[in-house]
2 protein chains.
Amino acid sequence: MDVIQRELTAFARRARATAARLHPDLPLVSYTLLAHIDHQQGCRATDLAAHYLLDKSTVSRQVAALEKLGLVERHPDPDDHRMQVLHPTPSGTEALASTQASRRAAYRKRLGSWASEDLTRFAEYLLRYNEAGDTGTAP
Amino acid sequence: MDVIQRELTAFARRARATAARLHPDLPLVSYTLLAHIDHQQGCRATDLAAHYLLDKSTVSRQVAALEKLGLVERHPDPDDHRMQVLHPTPSGTEALASTQASRRAAYRKRLGSWASEDLTRFAEYLLRYNEAGDTGTAP
DNA sequence: ACTAATAGTTGTAGCATACATCTAATGCCT
DNA sequence: AGGCATTAGATGTATGCTACAACTATTAGT
């Protein structure tokens, strides 16, 4: 269990550097948010904050940056004018696709030699681990 | 494979917040470095930089902070006066132990229900994944 | 002895983040 | 309907972590 702890920490520590190398153009964190927005096909800022354990203000600024770059659009929710629904613009989708490509290449390099059985199990473990955080961490 | 990518990213994104909650007292990154120093029983600043993909300057400041807090000692290497060997002070070891405790509790909460077989395999996967980064990322 | 490489420090700048505060919109409750 | 609490988001401010560049001190190669 200590090993898991140590290795996850090491990974987290390195993640920034690795990510910065993978897409030096896109403001890094923004990339993650953009990916999430795309994956969810439209979501609110609060969702992002909750999912990544970020402060509202942080998300607000990041989204503003993404909008400024023309990668996302904000549409006020017709039902509730407090909220804004976020959607990637075509340009955003494109930017995402291109970074996804290099990202995938990097992952393939790292995981290419793994047996598909191991990959499946690894993914399963990660999902399980992260889900535990979702529920157990917000009392 | 995309799942692995997404989940690892999500984890990395959350890691900071989680870590900050676990030991609000210790300057967070410093904790990681302190743990590594302790685990390695004495190491140099460059080793830390290499292991966590950090810049020399970053490590230098972090270590300086740790020293200021009285958690590590720097001894110039007798063989090579350029280097400094880092060691945790008793106070550092103690601080580490206490945060380790709460950290372990959090992990136990998350992983307690896992079969030990799964834990072993998860640890193994993480090691394997991180090792691939060690070698494959520094051409 | 001169040059190149290495370990570490310091100056400077930037991004990501949190906390506190503020506004606008909504919901509830009597 | 009016009033208080809640929620979504924005903005002000401060801080932490980080990188890059320039500098010193030490060591190694030739």
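Scroll up to find the structure this text is about.
I will try to describe carefully the structure that is included in this document. Everything quoted here is computed from the prediction, not taken from an experiment. (Residues numbered from 1 in each chain as written. Chains lettered and ligands numbered in written order. Predicted model: local features only at pLDDT ≥ 70, side-chain atom pairs only at ≥ 80, totals over all residues. Heavy atoms only, no water.)

## A word on the overall build of chain A
Then comes step 1: Secondary structure assignment for chain A yields six helices and two strands.
Then comes step 2: Counting from the amino terminus, chain A carries its helices and strands in the arrangement α-α-α-α-β-β-α-α.
Then comes step 3: Each of the 139 residues in chain A was classed as buried or not, and the buried ones make up 40%.
Then comes step 4: For chain A, restricting intrachain contacts to residue pairs at least 6 apart in sequence, the fraction spanning at least 24 positions comes to 46%.
Then comes step 5: Summed over all atoms, the accessible surface of chain A reaches about 7,400 Å², with 53% contributed by carbon and sulfur. (Helix = DSSP H or I, 4+ residues; strand = E, 2+ residues; numbered from the N terminus. Buried < 20%, exposed > 50% of the residue type's maximum accessible area, 1.4 Å probe, protein only. Contact = heavy atoms within 4.5 Å. Areas by Shrake-Rupley, 256 points an atom, 1.4 Å probe, with all protein chains shown as cover.)

## Focus on the protein's contact with DNA strand D
Then comes step 1: The immediate surroundings of DNA strand D are formed by 27 residues, with Thr46, Ser60, Arg61 and Arg74 of chain A together with Asp55 of chain B found nearest.
Then comes step 2: Take Arg61 of chain A: an N or O atom from its side chain is 2.3 Å from a base oxygen of DNA strand D.
Then comes step 3: Only helix 1 (2–22), helix 3 (45–52) and helix 4 (56–68) of chain A together with helix 4 (56–68) of chain B provide two or more residues apiece to the surface near DNA strand D. (Near = heavy atom within 4 Å. Polar contact = N/O pair within 3.5 Å; in protein donor to acceptor, adjacent residues only side chain to side chain.)

## Concerning the pattern of salt bridges
Then comes step 1: For the structure on display, the rule yields 14 salt bridges over all chains.
Then comes step 2: Across the salt bridge formed by Asp2 of chain B and Arg104 of chain A, the nearest N and O atoms sit 2.9 Å from each other. Residue Asp2 of chain B is found in helix 1 (residues 2–22), and its partner Arg104 of chain A is found in helix 5 (residues 90–111); the two belong to separate chains.
Then comes step 3: For Asp2 of chain B, a relative accessible area of 30% puts it in the partly exposed group.
Then comes step 4: Measuring nitrogen to oxygen at the nearest pair gives 3.5 Å for the salt bridge that ties Asp118 of chain A to Arg128 of chain B. Of this pair, Asp118 of chain A sits in helix 6 (residues 116–136) while Arg128 of chain B sits in helix 6 (residues 116–136), which puts the two residues in different chains. (Salt bridge = Lys/Arg side-chain N within 4 Å of Asp/Glu carboxyl O.)

## Quick notes on the interface of chain A and chain B
Then comes step 1: Between chain A and chain B, the contact holds 53 residues from the first and 53 residues from the second.
Then comes step 2: Both faces considered, chain A and chain B share a buried interface measuring about 5,800 Å² in area, 61% of it formed by carbon and sulfur atoms.
Then comes step 3: Here chain A is connected to chain B by four salt bridges.
Then comes step 4: The tally of links between chain A and chain B comes to 23 residue pairs in polar contact (both at pLDDT 80 or more).
Then comes step 5: Mapped by element, the contributors of at least two residues to the side of chain A that touches chain B are helix 1, helix 2 (29–40), helix 3, helix 5 and helix 6 of chain A.
Then comes step 6: Top element by residues in the side of chain A that touches chain B is helix 1 of chain A. It accounts for 18 residues.
Then comes step 7: Its residues placed into classes, the side of chain A that touches chain B shows 25 nonpolar, twelve polar and 16 charged. (Buried area = accessible area lost by both parts, 1.4 Å probe. Nonpolar A, V, L, I, M, F, W, Y, C, P; charged D, E, K, R; others polar.)

## A few points about the relation of the copies chain A and chain B
Then comes step 1: Structural alignment of chain A on chain B gives an RMSD of 0.0 Å, achieved by rotating through 180 degrees and translating 0.0 Å along the axis. Taken together, the turn and the small shift mark the pair as related by a two-fold rotation axis. Across chain A, the rotation axis passes nearest the C-alpha of Ala12 of chain A, at a separation of 2.4 Å.
Then comes step 2: By residue overlap, the copies meet face to face through one surface: 100% of the interface positions of chain A are interface positions in chain B. (Least-squares fit on C-alpha atoms with pLDDT ≥ 70 in both.)

## Brief notes about the protein's contact with DNA strand C
Then comes step 1: The full set close to DNA strand C counts 27 residues, and Pro27 of chain A together with Thr46, Ser60, Arg61 and Arg74 of chain B are the nearest of them.
Then comes step 2: In DNA strand C, atoms within 4 Å of the protein come from the sugar-phosphate backbone in 64% of cases.
Then comes step 3: Ser57 of chain A is positioned with one of its side-chain polar atoms (N or O) 2.7 Å from a base nitrogen of DNA strand C.
Then comes step 4: Side-chain polar atom of Arg61 of chain A to a base nitrogen of DNA strand C: 3.1 Å apart, as the coordinates give it.

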